[in-house]
Structure formats: structure tokens, C-alpha cells
Amino acid sequence: MHEPVIAIRSLKLDRGGRAVLDGLDLEVRAGEVHALLGGNGAGKSTTLAAILGFLKPGSGSIHVGGHCPSREPDEVRRAIAFLPENVALYEHLSAWENLSYFLSLAGETREPAAMEQALNAVQLHAQAWNTRAGGFSKGMRQKTAIALALLRRTPILLLDEPTTGLDPAATHEFNRLLGAQRDRGVAVLMVTHDLLGAAQVADRISMLRGGRVVREWTASPGPERFALAPLYQAFTGESAQ
Ligand SMILES: Nc1ncnc2c1ncn2[C@@H]1O[C@H](COP(=O)(O)OP(=O)(O)OP(=O)(O)O)[C@@H](O)[C@H]1O
Ligand SMILES: [Mg+2]
């Protein structure tokens, strides 16, 4: 088994005078898709912001590929492609121009063939490639942002509700793409409310509540992977656990 690429230990982090993360432990390994689930306001996006070094912990530690996000943000961010909760594209630029522009901000360029491949992989229809993003639907924006994250070819993917706005066919295709990333050895941490999607693609599912991981499930070998009923009960609070 690989060493964890992301290792969070006993993390405490306050926001607005309130403890949002309160003793969080979480690990993500290379070649693993780790789904982070939890209710609204549970601290999922906060966890991603802390991994990226946008928020500083009060106590505890975060290591990303051996680097500390608050002390070495550049090293950490180079290793991560981040899909934010609210995708922001340049409205007057096309999908293609958005990709080129964001890649250049990251100090990267890609061959047109690679950009085509990424846009095809997310199933953004070709007429949209050279259309201004200002006229895009939510799903089209999301697909453009996913294509960008894939093009970065980083060892770590942090995804905040990546399938929000995607139709079922696109979600299915996205889960397939994530599987391919895992097979390439990428470490994926994905925040989602899609329990079914998580059960399809994740290797581990963690449930965040009260600022810490209270339950964790590991996929079993074989087609079923996770038993859905206990997962659903745990997340909807219907179970005595
Ligand atoms: N900018 C901010 N300033 C102060 N408090 C914040 C800020 N952003 C979030 N919080 C608080 O931090 C807590 C966790 O928020 P966070 O966005 O991490 O939740 P989440 O688990 O991602 O929820 P959701 O499923 O709704 O996206 C919430 O109580 C929220 O009010
Ligand atoms: Mg969130």
C-alpha cells in the first residue's frame, strides 16, 4: 500500500469564531478515490481549503506529498488540481480559451490534441468549444472545469461536488473518468452529496460530522463494493448505528 499523499491529523480549525473542524483525521493515498460526505455546513469545503493552504489550522497537521500547505503553499498547489464548489469561468472567453488561459496561469501549456481529448472526455459538445462561456448552462460550465482539472495532470485531484449540474449520463461518464485517474495513480479527494455515485467509484467513503470523520467505509472487492442501505441510513440519520 502506498504512503498517504494527503495526511491530516487532529486538525482543528475555527471560522467565524466557531470550531468548524474539530479533530479531523483523514488520509488519501495514490491510486485511491476517497469520497468525503456530510451534511451542509459540516466542513467539507473547509477541509479542501485547508489542504490548499487557503485556511490555516488552529492545531493539528496537514501534509500534502510531505509539504505543509500553510508553510509551503506553492509546492502544495503545484501538485493539486482543484475543482471548486462554484466554478468561475471567464464569461467572454470560450471553453477552449478558458482552458488555455487557466493552464497558462498554472504555468502550463497543452497540445491542441490533448485539449480536444479532455473536452471530448467530459462530453462537452463540440459546438460549445468555441462559444463564449457566458452562454453556458451549469452542466457545461462544470464540464469545462472538469476538463481543466484533468488537463493539469497533477498527482492530486481535489473535487468539490464535481457532479453537481451534470445529467445522469454525464455523471456516469465522469465516474468512469475518475476510475481512469485512479488507475494512473492519482490521489482523488472528492466532496459529494451523491451517495450512489460515491458508492460506484470511491475506494473509501468518509462521513464528516461535528468537524471530524465519524464513520469510514472501505469498498469490498466484487461488484457490490458498498452496501447501500447502511450507508444511506448513516447519512440520513435514520439508523441507530
Ligand atoms: N467565509 C466564511 N466565514 C465564516 N464562516 C464560514 C465561511 N465559510 C464557511 N463558514 C462556516 O464553516 C462551516 C463549514 O462550511 P463548509 O463550507 O466547509 O461546509 P460544507 O460541508 O462544504 O457544506 P455544503 O455541503 O453546504 O457545501 C459552516 O458553518 C459555515 O457557516
Ligand atoms: Mg461545501
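Residues numbered from 1 in each chain as written. Chains lettered and ligands numbered in written order. Predicted model: local features only at pLDDT ≥ 70, side-chain atom pairs only at ≥ 80, totals over all residues. Heavy atoms only, no water.

K.L.:
Before we go on, may I ask you to explain the pattern of salt bridges in this structure?
P.N.:
It is possible for side chains bearing opposite charge to pair when their charged atoms get close. One pass over the structure, following the stated rule, counts 13 salt bridges. With a shortest N-O distance of 3.8 Å, Arg 182 and Asp 183 are connected by a salt bridge. Across the pair Arg 204 and Glu 216 runs a salt bridge, and its minimum N-O distance is 3.0 Å. In this pair, Arg 204 sits in strand E8 (residues 204-209) while Glu 216 sits in strand E9 (residues 212-218), placing the two residues 12 residues apart along the sequence. Glu 216 gets classed as partly exposed once you look at its relative accessible area, which sits at 40%. Here the residues in one salt-bridge network are Arg 182, Asp 183, Asp 203 and Arg 225, joined through shared partners. (Salt bridge = Lys/Arg side-chain N within 4 Å of Asp/Glu carboxyl O. Helix = DSSP H or I, 4+ residues; strand = E, 2+ residues; numbered from the N terminus. Buried < 20%, exposed > 50% of the residue type's maximum accessible area, 1.4 Å probe, protein only.)

K.L.:
Even after reading the chapter, I still don't get the packing of aromatic side chains, so can you show me in this structure?
P.N.:
Each aromatic ring pair is specified by the distance between its two centres and by the angle formed by the two planes. This model, assessed by the stated rule, comprises five aromatic pairs. Taking the centre distance of 5.2 Å and the plane angle of 90° together, the rings of Tyr 90 and Tyr 101 count as edge-to-face. Note that Tyr 90 is positioned in the loop between strand E5 (80-83) and helix H3 (95-105) and Tyr 101 in helix H3, a separation of 11 residues in sequence. (Phe/Tyr/Trp six-rings, centres within 6.5 Å; stacked < 30°, edge-to-face > 60°.)

K.L.:
Before we go on, may I ask you to explain the coordination of the magnesium ion (ligand 2) in this structure?
P.N.:
The expected angle between donors at a tetrahedral four-coordinate metal is 109.5 degrees. At an octahedral six-coordinate metal it is 90 or 180 degrees. Only Ser 45 (OG) and Glu 85 (OE) from the protein reach the magnesium ion (ligand 2) as donors, at distances of 2.1 to 2.3 Å. With Ser 45 in helix H1 (residues 44-51) and Glu 85 in the loop between E5 and H3, this residue pair connects regions lying 40 residues apart in the sequence. Accessibility expressed as a relative area gives 26% for Ser 45, which makes it partly exposed. (Donors = N, O, S within 2.8 Å, 3.2 Å for Na, K, Ca; no water.)

K.L.:
How should I be thinking about the pairing of strand E2 (residues 18-29) in this particular structure?
P.N.:
For a regular strand, side chains alternate in direction, first toward one face of the sheet and then toward the other. Summarising the sheet, strand E1 (residues 4-15) and E2 pair through nine bridges and their orientation is antiparallel. Across the sheet, Leu 13 pairs through a bridge with Leu 21, a residue of E2. (Pairing = 2+ DSSP bridges.)

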